[in-house]
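Each chain, written out:
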Amino acid sequence: MPKLLPAVRPLLLCLTALAATSGMALAEDTDTADLVARGRYLATAADCAACHTAPHGGTPFAGGYAIDTPLGQIFSTNITPSKTAGIGDYSEADFSRAVRDGVAKDGSHLYPAMPYTAYAKITDADMKALYAYFMNEVKPDDHKPQQTELPFPFSIRTSMAAWNLLFLDKTRFEPNPAKSAEWNRGAYLAEALTHCATCHTPRNGLMAEDGSQPLAGGAVGPWFAPNITSDKIAGIGDWSDEDLTQYLKTGNVPGKAQAAGPMAEAIEQSFQHLPDGDIKAIVTYLRDVPPVGSGDKKARDTFGEPSTEIEASLRGLPGQAPNENGFHVFSGSCAACHQPEGQGNLHYPSLFKNTATGGDRPDNLIATILYGLHRTVGENVAFMPAFGPDASYTDRLSDKDIADVSNYVLANYGNPAVKVSAADVAIIREGGEKPLIVRLAPLAAPAAIAGAVIVVALIAWLLLRRRRSPQATA
Ligand code: HEC
Ligand code: HEC
Ligand code: HEC
């Protein structure tokens, strides 16, 4: 430093310091901007908006979306940084505890309709980014959404503490060094963020994911998320990489599958916005998921062919009653779009070589007829009207009509071994098969004590088993 008058020196030092701090502030700004951008991307991949935004134009993240669960409706909460209605006074630690441990700031337990069992795998660095995004970019909204009120005994949120002890694995994602970087990127996306398993892994009687058969197919309310393991018949082992990529990005692979219900929502809100590299990584990961077979002889995307054998179906297949009503419902309600021979056209999918009609369960066929299909990807809107409770009066079909038309479609275009009764349709209309704990719920009061004993015994057994397993494998 050149010689300066003593009075000027402190001033200059002061100026230098000022320049340095403003430089630091600038660096901090870009750090925060990077963090917020990363958080925005993570929120999209993890599909937070899908559940935390009310349908039909609700404010993003202000909650109020009703999730139909076998226990009853669970309403999502307001996760905007509002101090009165949202998470405005959540610290990063509070936020992280809610998202990864399923415990709200006031200590109450969240229901696993919030997929914290998957988010538990999100890394600390990514939690920081998500928090930065919610606090800095999401607009606060003071609207208080409807409260969740489940019937007893599910109203007791503390029971989730026992459930978590049994089923919540708090291990964060760790890359597997034996696998490629792309596989690891796919594994992190699929397991922690996009949470494929919360829908595609079967659940046990206590509604927890069955870890012994990951992605082997699970019920999501009235819908069924099929087996997407690498098995060539029961899973997606016979799909090409291009098929899988196109399905995840658009939800439509002609001659194979269309996405309706919760899968359509995931594609619409999340997957279509992911970079191509992410989708490629997820596909790489899916290819490597251990196959889980089903005993089926034919893959669900290979059934059927164009059929005009109306005579045969009117007479009924050998040993089967005639299905005249099914034919009439099909001609009146379906054929205009899917064509009289079920082959579809440029705009409407064929009903043969279609996973919704070739599978070993009719859930998605019935649910699509009841609830229709609505999926917006980019500029393209796929729309099929609902014929269930939300249908316009003239189009509404009874359980028997839906059973008849399903049997007509299955016999002519899909898997003829699958049969649908009006009672099956009623179950899907009511939101799907109830898991064991729900069917047992009416017995809850007298069974509560017995239940507590069983839970304690289960926990003891599980802890013992966990402790033992290292020796068992040694
Ligand atoms: C599949 C639906 C679903 C998705 C996806 C989802 N949430 Fe939730 N979330 C819920 C529901 C439902 C609740 C309320 C649960 C309850 O009342 O027990 C909730 C509760 C919360 C809470 C607790 C809020 C409070 O009031 O204390 C936070 C925080 C939260 N979610 C953040 C997130 C973030 C961040 C994401 C994305 C990374 C996300 N959620 C994705 C359904 C979802
Ligand atoms: C919110 C629940 C949900 C999530 C999350 C979800 N899926 Fe799905 N998925 C479904 C449902 C339901 C279907 C059936 C849709 C239909 O046939 O209309 C489906 C269908 C599919 C299919 C087509 C299968 C077939 O035979 O038609 C593939 C492939 C698939 N999902 C992959 C994935 C992957 C990969 C992820 C994670 C990146 C994922 N899904 C996340 C619910 C979900
Ligand atoms: C107004 C036209 C229209 C009518 C009427 C219609 N559909 Fe559809 N259907 C569609 C469209 C559009 C799709 C989805 C295309 C896409 O995803 O790109 C679809 C998809 C389907 C699927 C595949 C769903 C899945 O989850 O994979 C089935 C099965 C189906 N329709 C059966 C029927 C049956 C049975 C009827 C009569 C009760 C019917 N459709 C009436 C337009 C129609």
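Residues numbered from 1 in each chain as written. Chains lettered and ligands numbered in written order. Predicted model: local features only at pLDDT ≥ 70, side-chain atom pairs only at ≥ 80, totals over all residues. Heavy atoms only, no water.

As annotated in an unreviewed UniProt entry, the protein carries the name C-type cytochrome and comes from Endobacterium cereale. If you open the UniProt record of the protein and go to Subcellular location (unreviewed entry), you find "Cell membrane". (UniProt positions renumbered as here; feature names shortened; annotations may be inferred.)

Caption draft 1: Fine view of the overall build of the protein. When its secondary structure is counted, the protein shows 19 helices and 8 strands. The proportion of buried residues among the 474 residues of the protein is 42%. Considering only intrachain contacts with a sequence separation of at least 6, the fraction spanning at least 24 residues in the protein is 64%. Carbon and sulfur atoms form 60% of the exposed surface of the protein, whose accessible area is close to 24800 Å². (Helix = DSSP H or I, 4+ residues; strand = E, 2+ residues; numbered from the N terminus. Buried < 20%, exposed > 50% of the residue type's maximum accessible area, 1.4 Å probe, protein only. Contact = heavy atoms within 4.5 Å. Areas by Shrake-Rupley, 256 points an atom, 1.4 Å probe, with all protein chains shown as cover.)

Caption draft 2: Summary view of the coordination of the iron atom of ligand 3. Every protein donor of the iron atom of ligand 3 is listed here as H338 (NE2) and M384 (SD), and their distances to the metal cover 2.0 to 2.2 Å. Each of the 6 donor atoms around the iron atom of ligand 3 contributes to a set of angles spanning 86 to 179°, which defines the coordination as octahedral. Linking H338 in helix α13 (residues 324-338) with M384 in strand β8 (residues 380-384), this pair joins segments that are 46 residues apart in sequence. Taking relative accessible area as the criterion, H338 reaches 11% and is therefore assigned buried. (Donors = N, O, S within 2.8 Å, 3.2 Å for Na, K, Ca; no water. Tetrahedral: all angles 85-135°; square planar, octahedral: opposite > 155°, others 65-115°.)

Caption draft 3: Layout of the site of ligand 2. Not every one of the 25 residues close to ligand 2 is listed here, only the nearest: C196, C199, H200, M263 and R300. Backbone polar atom of Q258 to an oxygen atom of ligand 2: 3.3 Å apart, as the coordinates give it. Here A260 contributes a backbone N or O atom positioned 2.8 Å from an oxygen atom of ligand 2. Counting only elements with at least two residues in the shell around ligand 2, the list comes to α8 (196-200), β4 (223-225), α9 (241-250), β6 (257-258) and α10 (261-269). Here the residues of the shell around ligand 2 sort into 18 nonpolar, 6 polar and 1 charged. (Near = heavy atom within 4 Å. Polar contact = N/O pair within 3.5 Å; in protein donor to acceptor, adjacent residues only side chain to side chain. Nonpolar A, V, L, I, M, F, W, Y, C, P; charged D, E, K, R; others polar.)

Caption draft 4: Main features of the packing of helix α16 (residues 399-413) against helix α17 (residues 422-429). Where α16 meets α17, the axes come as close as 8 Å, and the angle between the chain directions of the two elements is 110°. Comparing their axes, α17 and α16 come out roughly perpendicular. Every pair of crossing elements has a handedness; the one defined by α16 and α17 is right-handed. Contacts between α16 and α17 pair D399, K400, I402 and A403 from the former with A422, V425, A426 and R429 from the latter. Residue composition of the contact of α16 with α17, grouped by class: 5 nonpolar, no polar and 3 charged. (Axes fitted to C-alpha atoms, helices over the stretch in contact; angles between N-to-C directions. Parallel < 35°, antiparallel > 145°, perpendicular 65-115°, else oblique. Left-handed = near helix turned anticlockwise from the far one by under 90°.)

Caption draft 5: Just the coordination of the iron atom of ligand 1, in detail. Looking at the metal site, the iron atom of ligand 1 is ligated by H52 (NE2) and M114 (SD), spaced 2.0 to 2.2 Å from it. Around the iron atom of ligand 1 sit 6 donor atoms; with metal-centred angles ranging over 88 to 179°, the donor geometry is octahedral. One end of the pair, H52, is in helix α2 (residues 48-52); the other, M114, is in the loop between α3 (92-101) and α4 (116-119), and 62 residues separate them in sequence.

Caption draft 6: Here's a closer look at the site of ligand 3. In the vicinity of ligand 3 lie 22 residues, with C334, C337, H338, R375 and M384 positioned nearest. At 3.0 Å from an oxygen atom of ligand 3 is found a main-chain nitrogen or oxygen belonging to Q258. Within the contact set of ligand 3, a nitrogen atom lies 2.7 Å away from a side-chain nitrogen or oxygen of H338. Going through the elements one at a time, α13, α15 (363-371), β7 (373-377) and β8 are the ones with two or more residues in the shell around ligand 3. Take the shell around ligand 3: its biggest share by element is 4 residues, from α13. Looking at side-chain class alone, the shell around ligand 3 contains 15 nonpolar, 6 polar and 1 charged residues.

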